[in-house]
Amino acid sequence: MQKSIRDYLLEKIGKPVKLEHPEREEWGDYAFFAKDGEVEIKSDEVIERVEKVGGFVNIWLQNEWLSNKVSEVIKEGDKYGSTAEGSGKTVVIDYSAPNIAKRFGIGHLRSTIIGQALYNLHQFLGYKVIGDNHLGDWGTQFGKLIYMIKKTGTEDYTIENLEKLYVLFHQEPDDDGARKWFKKLEDGDVEAKSIWKKCVDVSMAEFERIYQILGVKIDETYGESFYEDIMPEVIREAKERGITSVSEGALVVEVPGFKTPLMLLKSDGGTTYAIRDLATLRFRKGKWSPKMIIYEVGAEQTLHFEQVFAVARMLGYAGGDVKLVHTKHGLYLDADGKKFATRKGKTIKLEEVLEEAIGRARKLGCEEEETAKAVGVGAIKYFDLSHNISSDIVFDWEKVMALEGNSGPYLQYTFARTQSVLSKASTQYLTPNPSPNLGEGNQRGEVVFNDEERSVLRYLYRFPEVVQEAAVRLAPNLVCNYLYELASKYNTFYNKHSILSAGSEEARNFRIGLTVAVGQILKNGLGLLEIEAPGRM
RNA sequence: GCCCUCGUAGCUCAACGGAUAGAGUAACUGUCUUCGGAACAGUUGAUAGAGGUUCGAUUCCUCUCGGGGGCACCA
């Protein structure tokens, strides 16, 4: 394995630098010169400049170096881009977390999809990753639900009806009545518990179906109700440390810098989601000793997590050894730019969106049902992931399901195209081991490439860097950006030059190798995004 | 009222403080007797406003205007 130029420069300059194979010749003035993986410094002036003001370090990557990257991609295959840097470290990712008795709405797509991508990215970098689906299966919302079930005397435990009851409750709210039922539930009332159980079972069945369509499988599903027995421990420890106080009958912790305290117990003694989150943290720390816990939760809960994290540090549940991160993803907004509110019955059901997208993929020519599903679901996942994690997203049926342009299916299509070319290559030319090391040689025997080939090559080798950065910055959209660029450059090349009927055998073999490599990276990258890559579509 | 966040092309979005601000879409125009047209190429079009820091600002700071979210007994 060659020593990476990046590492070399890191050593030399002492801080990370951005490497570019410059697009324009005049940018090469301050360039380093790379030869056979070794780096020669063209001018000390460059080092000084970078030390002083930062900026670019341009490197003229030799054609041979570039084409060696193709072999490297092919050789490493499914592992290309992965590292072992996370070896021995555990990361817990809290994601998806739908609420019981509500259908899986478009709002939960972000957490589920982004969470899964973050999961895959960290796993790819060698971390031990634990995904935990922190189900909303406890809390006053169940008081509301049980209250309505008792009030209407309904026997209809379909999720549709439960959701309707929730909306009905908020039209004529009786908060005291709801709190009483939740208190009864927490006190172990048999009737309340039995109704709760039915609601959970119905909801879980619904969620399982959605996860199946999405192709998402989350390691653990503890859910909030699991922490019933741990919450008293948290109360005890909080009181021992003397950080609690009673305010208006509720047990709270004052958090410096915040106007309102964090409430652990309500005035009726019922638990809050804050204490459940603390209990969860205590449990996770004890069970997995993670280096980091990522909460893939929307930005609307920023205040809550800031307070919970602060109190967790007071309690010793987090701090130096456990890093807590809240991703604060943006919300889906409706056409009027407003939040989708379940309480008002204003949501878009994820299942409807998925079905519609799959239907459109089918109509466009996906014969096999599996492929239509992969393409439709892939379109939606890519749409979500390609946005910067922090920005709000306006939900638009047409844009969510885009099957062309900068979209999931574009990447899938490009992958399928590479596979199609390769299957023809192996039968027509019998080159089971395409040699990627040869381009069109010039008269002196040096390897040269045309502009389109070079454009792909100059992009190909960056995949590992992109994966790293996406993990560090918790930004799966960087992977999307990269894959789209790569696919786009490959398609440009594809449209301009023939692969299988290239002028020389060397050129043909090189282009076949390039196709293998591009296909491999698309496959690896889509895998990180949890988007399927069918060989045909 | 207070806190957080966002404001980039007609629309939807990109861009570790770095080079000529990139795409998609829409509109218009082209490419293909040849490996998959869900493709490729081209034209039109943008950093809300005013200051500041910096060699350099879409990015950092301040203010104004505008959108969104939140502000203890929902999660």
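Quantities reported herein were computed from a predicted structural model and do not represent experimental measurements. (Residues numbered from 1 in each chain as written. Chains lettered and ligands numbered in written order. Predicted model: local features only at pLDDT ≥ 70, side-chain atom pairs only at ≥ 80, totals over all residues.)

1. Description of the overall build of chain A
What chain A contains, in helices and strands, is 19 helices and 15 strands. The burial tally for chain A puts 43% of its 537 residues in the buried class. (Helix = DSSP H or I, 4+ residues; strand = E, 2+ residues; numbered from the N terminus. Buried ≥ 20, exposed ≤ 12 C-beta atoms within 10 Å, placed from the backbone.)

2. Things to note about helix α9 (residues 231–240)
Those residues of α9 not exposed but buried are M231, V234 and A238. Considered in projection along α9, the buried side chains sweep an arc of 55° and stay on one side of the axis. Along α9, the residues that are exposed and aim more than 90 degrees away from the buried face are P232, R236, K239 and E240. Contacts made by the buried residues of α9 are with β7 (244–247), β8 (250–253), β9 (262–265), α10 (273–288) and α11 (302–315). (Arc of directions from axis to C-beta. Contact = placed C-beta atoms within 7 Å.)

3. Structural notes on the UniProt feature "short sequence motif: 'HIGH' region" (unreviewed entry) in chain A
The UniProt feature table records "short sequence motif: 'HIGH' region" (unreviewed entry) at residues 98–108. Taken end to end, residues 98–108 is 18% helix and 0% strand, and its first and last C-alpha atoms sit 7 Å apart. (UniProt positions renumbered as here; feature names shortened; annotations may be inferred.)

4. Remarks on the protein's contact with RNA strand B
The immediate surroundings of RNA strand B are formed by 84 residues, with G139, K266, N388, G405 and S420 found nearest. Among the elements that make up the surface near RNA strand B, the one with the highest residue count is helix α15 (residues 408–428) (eight residues). (Near = placed C-beta within 6 Å.)

5. What to know about the domain arrangement of chain A
For chain A, the assigned domains read domain 1 (5–61), domain 2 (95–223 + 281–333), domain 3 (344–400) and domain 4 (408–528). Once you take the C-alpha centre of each, domain 2 and domain 3 turn out to be 23 Å apart. The partner domain 3 presents 20 residues to the 23 residues of domain 2 that form the contact. Elements represented by at least two residues in the side of domain 2 that touches domain 3 include exactly α4 (107–124), α8 (190–214) and β12 (332–333). Of all the elements, α4 adds the most residues to the side of domain 2 that touches domain 3, at seven residues. In terms of residue class, the side of domain 2 that touches domain 3 is made up of 13 nonpolar, seven polar and three charged. (Domains from an automatic or database assignment. Nonpolar A, V, L, I, M, F, W, Y, C, P; charged D, E, K, R; others polar.)

6. Observations concerning the pairing of strand β6 (residues 128–132)
Where strand β5 (residues 90–94) meets β6, five bridges bridge the pair, whose relative direction is parallel. Note that in β6 the partner of T90 across the bridge is K128. The β-α-β motif built from β5, the intervening α4 and the parallel element β6 has right-handed crossover chirality. (Pairing = 2+ DSSP bridges. Right-handed = clockwise from strand over helix to strand, strands pointing away.)

7. What about the sheet that holds β6?
One open sheet holds the four strands; their spatial order is β6-β5-β10-β11, and the pairing between them is parallel. Each edge of the open sheet carries a strand with a single partner, namely β6 and β11 (323–326). Geometrically, the sheet is characterised by an average inter-axis angle of 15° between neighbouring strands, direction not taken into account. Relative to β11, strand β10 (residues 292–295) runs parallel, the two sharing four bridges. In the strand pairing of β11, I293 is matched with L324. (Axes fitted to C-alpha atoms, helices over the stretch in contact; angles between N-to-C directions.)

8. Digging into the confidence of the model for chain A
On average, residues of chain A score 87 in pLDDT, and 84% of them are at 70 or above. A low-confidence stretch, residues 29–38 (pLDDT under 50), is modelled with 30 contacts involving residues beyond four sequence positions or located in other chains. Our summary of model confidence lists the complex with pTM equal to 0.92 and ipTM equal to 0.95. (pLDDT = per-residue confidence, 0-100.)

9. Details of the sheet that holds β9
A sheet is described by the order of its strands in space; here three strands give the open sequence β7-β8-β9, paired in antiparallel fashion. The sheet is open, and its two borders are formed by β7 and β9, each paired with just one other strand. Mean inter-strand twist for the sheet, computed between neighbouring axes without regard to direction, equals 45°. In terms of strand pairing, β8 meets β9 through three bridges, oriented antiparallel. Residue pairing for β9: V252 is matched across the bridge by M263.

10. Topic: the nonpolar core
Judged by nonpolar contacts, the single largest core of 137 residues is most densely connected at L278 and V479. Leave out the neighbours within four places in its chain, and V479 touches V466, V467, A470, G525, L528 and L529. (Core = buried A, V, L, I, M, F, W, Y, C linked by C-beta atoms within 7 Å.)

11. Description of the environment of T158
Looking at the secondary structure, you find T158 in the loop between α5 (140–152) and α6 (159–171). Taking the number of C-beta atoms within 10 Å as the measure of exposure, T158 has 11 and is therefore exposed. As a C-alpha pair, T158 and A101 span 57 residues in sequence and 8.7 Å in three-dimensional space.

12. Describing the environment of Y332
Positionally, Y332 belongs in strand β12. Measuring from C-alpha to C-alpha, the distance between Y332 and K79 comes to 34 Å, with 253 residues separating the pair along the chain. Apart from the residues lying within four places of it in its own chain, the contact partners of Y332 are I106, G107, F340, I393 and F395.

13. Considerations on the packing of α9 against α10
Viewed as axis vectors pointing N to C, α9 and α10 meet at an angle of 95°, and their least axial separation amounts to 9 Å. Comparing the axis directions of α9 and α10 gives the class roughly perpendicular. For the pair formed by α9 and α10, the contact residues are M231, E233 and V234 on the first element and I275, R276, L278, A279 and R282 on the second. Of the residues belonging to the contact of α9 with α10, the class tally is five nonpolar, no polar and three charged. (Parallel < 35°, antiparallel > 145°, perpendicular 65-115°, else oblique.)

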